[in-house]
Amino acid sequence: MDDQELNRLLHEWKVPDAPPDLRPPRTRGSRLRWFITGAIRVPVPVALALLLLALWTASTRAGTNSMPEASGPQRSGELARYALTGPLEGFDAVLVGLNFQPGASAPEHRHPGPIVGYVVDGQMRTAINHEADQIVPAGSTFFEPHGALHTSFSSANPDVPVRAVAFLVVPNGSPLTERATTGQNPQSKPMPYTAIHRPEFVAASEATFLQDDDILLGVTSGNVAKAYPAGDLSQHGAVFDEVPDGPISVTWCGVCNTGLVFRAEVKGQTLHFQYDRMVGANEVQKDLETGTSWQQATGEAIDGPLKGTRLTLYPVVRTTWAEWRRRYPQTAVLKPQPGYAELLPSRSKRIKDVTRVGPEGAPNGALALDKRLPARETVAGLEIDRESVAYPFSELRAARVVNDRVGSLPIVIVHQPSSDTTTAFDARVKGKALKFQPANDDASTVTDLETRSTWDAYGLCLEGPLKGTQLKQVILVPQFWFAWSQFHQRTRIFTAR
Amino acid sequence: MTDADFQTAFDQHKDAVYRFAWRMSGSAAAAEDLTQNVFVSLLRYPNRYDPARGTLRAFLLGIARNLALKHWRAEHRFEPLDDEEMVAEPVDPDRGAVGDIVGRAVRALPPLQREVVILVEYEGLTLAEVARAVDADIGTIKSRLHRARENLRRALAPLRSDYHVRTVWTTRS
């Protein structure tokens, strides 16, 4: 083979240019990033030691008055507060000194951001969400995730005061503590954030605690229909339940606005989940049986004995109480537990509000920001054959019916704007893919173009040649855009033309 | 380097870096990661580029080459980077389109031969530029390129229209 022929052959191999959406690394705010990512270069213990050394020096120089003695934590005595810029714009970094007299304790409270603390002297007793007390000795650190209910916080030793420093990230100008109990208004008393493992249900007629437009997750199995109000789920994180085809876990992450149902079973073992921590502003739940940690938004085991396995999604419909009751009059409804029922109206309202108009910006802790959509726009996510697509609710409300292909599967999505109910189906009947269009304003019925049959929004053919046919449901994952995009970085975004 | 300079550099050279990475790795995902990392490196250490020593394009391809090799070493700890004795196997002419077959043959070369072929034949760098990018002298580059082309000649022989005679190949003579 001569040189010319070899060159000709070599140039048969063509490769693509960089994809148009490939973006340069961010240039601005790089100093800030350098600062924030310092922990990667400087081991955290070393950084903490330096910080403490600086504090020691400062407090020694100023005398003992710089850390005032008190019977509770000295939240008012902030040591420093700085407004952040760049990716954490809108937040303050705050350093506080804590000083407890022997035996003193703080009332139940929450903080509007995560806390990393370090005990300088003495022993701290601490617990969140009514879990068992932990003793943190001098020289150790403690962490409280954002929003955790701090149920115990005191000096562990009745004879020795405790001194600690804590670092918080909170919204600009925000107070550092929210008292959990006001004593005057029992309705605002927060309840422990614990999963329900023995749910109780009431009939639809008894579900007077629900408003027509309250959002819920609906599950059907055999001839059983069950509704789990989102406002209730958001107070527990997970509800374990048994339906005719097995155990399920109904989950909700209030930060991501994500409601998902999983089979609560891995390799034949039934699992009960409990909130553990936040990763990427999304809940991570631990199963009580193996201690494995599961990322709620993806169902993936991120650490523990079952790391690498994935929970199986279970079909679910996110809809309103009126729509679910219309469709399944015999439905059972998760009964709110005492104490939680009082908070249901405000929780439900919040979920309705943020689904319509999400708050600006991504929450603290989000892993990556994909600016193609507002961070808290609600999208219905769908992943098939490793292709992922985000269907923004705003687009679905306009389109109502979407005929699409995801991975190898032709699908149809039906969105009923009046209740924001999104359902999706494999569009094939007897191997042939059908195309659909809305039959009315709310797309409560749709028509297929091939046979002109009429279908309801739940994939059942009501009239026409295909009457009685039921399309196979495809499981959608509704959640805020930041949550979907951080776990599906190459996701396509659907737009209604 | 201002933000605008950086953006210009990215716009002008991202394709070359991406193609090089794609050819070295055979994967779009790896190519995207590597391209990002090359520009992160430029962002962090803009002063390492000295216009007196060559073009920005050659400099960036040099970074890309170092990152690709680092990655390769992490995955193939006990394999040599270059194997002068390596004799390429002839390709199966029926396995896919000609372009894909050629791609597989190039990627089958040991990394140091592969990068020289890609930099010279596909990205059009001169031997001197390649020598600077891979930190070797021109003579070494020349002989690597020669060995690489010989290997490709053998590997791609079955694609010749007049390739009828079955030849028995041994991997080591």
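Up top is the structure.
Note that the structure is predicted; figures quoted are calculated from it, not measured.

Engineer: Before we move on, can you summarise the packing of helix 4 (residues 98-107) of chain B against helix 7 (residues 138-156) of chain B with the specific residues and values?
Structural biologist: All names here are of chain B. Across the interface, helix 4 lies against helix 7 with an axial gap of 10 Å and an inter-helix angle of 140°. The pairing of helix 4 with helix 7 is recorded here as oblique in orientation. Considering only the axes of helix 4 and helix 7, their crossing is right-handed. Taken together, the residues of helix 7 that come into contact with helix 4 (itself represented by Val102, Ala105 and Val106) are Leu152, Ala155 and Leu156.

Engineer: Tell me about the sheet that holds strand 25 (residues 378-384) of chain A, and name the residues and values.
Structural biologist: Residues and elements named next belong to chain A. Overall, mixed pairing links the four strands, which are arranged 36-25-26-37 in an open sheet. With partners counted over all chains shown, the strands left at the sheet margins are strand 36 (477-480) and strand 37 (492-493), one partner each. Of the strand pairs in this sheet, strand 26 (residues 387-392) and strand 37 are connected by two bridges, and their pairing is parallel. The residue bridging Val389 from the neighbouring strand is Arg492, located in strand 37.

Engineer: Tell me about the nonpolar core, and please be specific about residues and values.
Structural biologist: Counting residues in hydrophobic clusters, the biggest one holds 84 residues, and the most contacted among them are Leu217, Val239, Val261 and Tyr391 of chain A. A per-element tally of this core places helix 9 (residues 481-487) of chain A first, with five residues. Ignoring any residue separated from it by four or fewer positions in sequence, one finds Val261 of chain A in contact with Leu217, Val219, Ile248, Ser249, Val250, Tyr314 and Val316 of chain A. Within the second largest apolar cluster, 45 residues are counted, among which are Leu9 of chain A together with Val38, Ala68 and Ala105 of chain B.

Engineer: Describe the interface of chain B and chain A, listing the residues and the values that go with them.
Structural biologist: The interface is formed by 29 residues belonging to chain B together with 16 residues belonging to chain A. When residues of the side of chain B that touches chain A are traced back to their parent elements, those giving at least two are helix 1 (3-25), helix 2 (28-44), helix 4 and helix 7 of chain B. Counting residues per element, the side of chain B that touches chain A draws most heavily on helix 1 of chain B, at ten residues. For the side of chain B that touches chain A, the residue count by class is 14 nonpolar, five polar and ten charged.

Engineer: Talk me through the pairing of strand 16 (residues 258-263) of chain A; I want residue IDs and the actual numbers.
Structural biologist: All names here are of chain A. Taken across its six residues, strand 16 has five buried, putting it largely inside the fold. Looking at chain direction, strand 15 (residues 246-253) and strand 16 are connected through six bridges and run antiparallel. The partner of Val250 across the bridge, within strand 16, is Val261.

Engineer: Quick one: what's the story with the environment of Met1 of chain A, residue by residue and with numbers?
Structural biologist: Positionally, Met1 of chain A belongs in the segment before helix 1 (3-10). Those residues in contact with Met1 of chain A that sit more than four places away from it in its chain are Leu6 of chain A together with Arg153, Leu156, Ala157 and Arg160 of chain B.

Engineer: Give me helix 7 of chain B: which residues, what numbers.
Structural biologist: An α-helical segment advances 3.6 residues per turn. Residues three or four places apart therefore align on the same side. An ideal rise of 1.5 Å per residue puts 27 Å on 19 residues; helix 7 of chain B measures up with 26 Å between its terminal C-alpha atoms. Looking at the buried residues of helix 7 of chain B, the elements they touch are helix 1 of chain A together with helix 4, helix 5 (111-122) and helix 6 (127-134) of chain B.

Engineer: Hey, could you go over the sheet that holds strand 11 (residues 201-203) of chain A for me, with residue numbers and the actual values?
Structural biologist: Residues and elements named next belong to chain A. Across the sheet, five strands lie side by side as 11-24-13-12-23; this open sheet has mixed pairing. Looking at strand neighbours, the two that pair on one side only are strand 11 and strand 23 (317-320), the edges of this open sheet. Here the average twist between neighbouring strands, direction ignored, is 35°. Relative to strand 12 (residues 215-221), helix 7 (residues 344-356) is tilted by about 95°, and along the sheet it contacts strand 12 and strand 13 (224-229).

About the criteria used
- Residues numbered from 1 in each chain as written.
- Chains lettered and ligands numbered in written order.
- Predicted model: local features only at pLDDT ≥ 70, side-chain atom pairs only at ≥ 80, totals over all residues.
- Axes fitted to C-alpha atoms, helices over the stretch in contact; angles between N-to-C directions.
- Helix = DSSP H or I, 4+ residues; strand = E, 2+ residues; numbered from the N terminus.
- Parallel < 35°, antiparallel > 145°, perpendicular 65-115°, else oblique.
- Left-handed = near helix turned anticlockwise from the far one by under 90°.
- Contact = placed C-beta atoms within 7 Å.
- Pairing = 2+ DSSP bridges.
- Core = buried A, V, L, I, M, F, W, Y, C linked by C-beta atoms within 7 Å.
- Buried ≥ 20, exposed ≤ 12 C-beta atoms within 10 Å, placed from the backbone.
- Nonpolar A, V, L, I, M, F, W, Y, C, P; charged D, E, K, R; others polar.
- Expected span 1.5 Å × (residues − 1).

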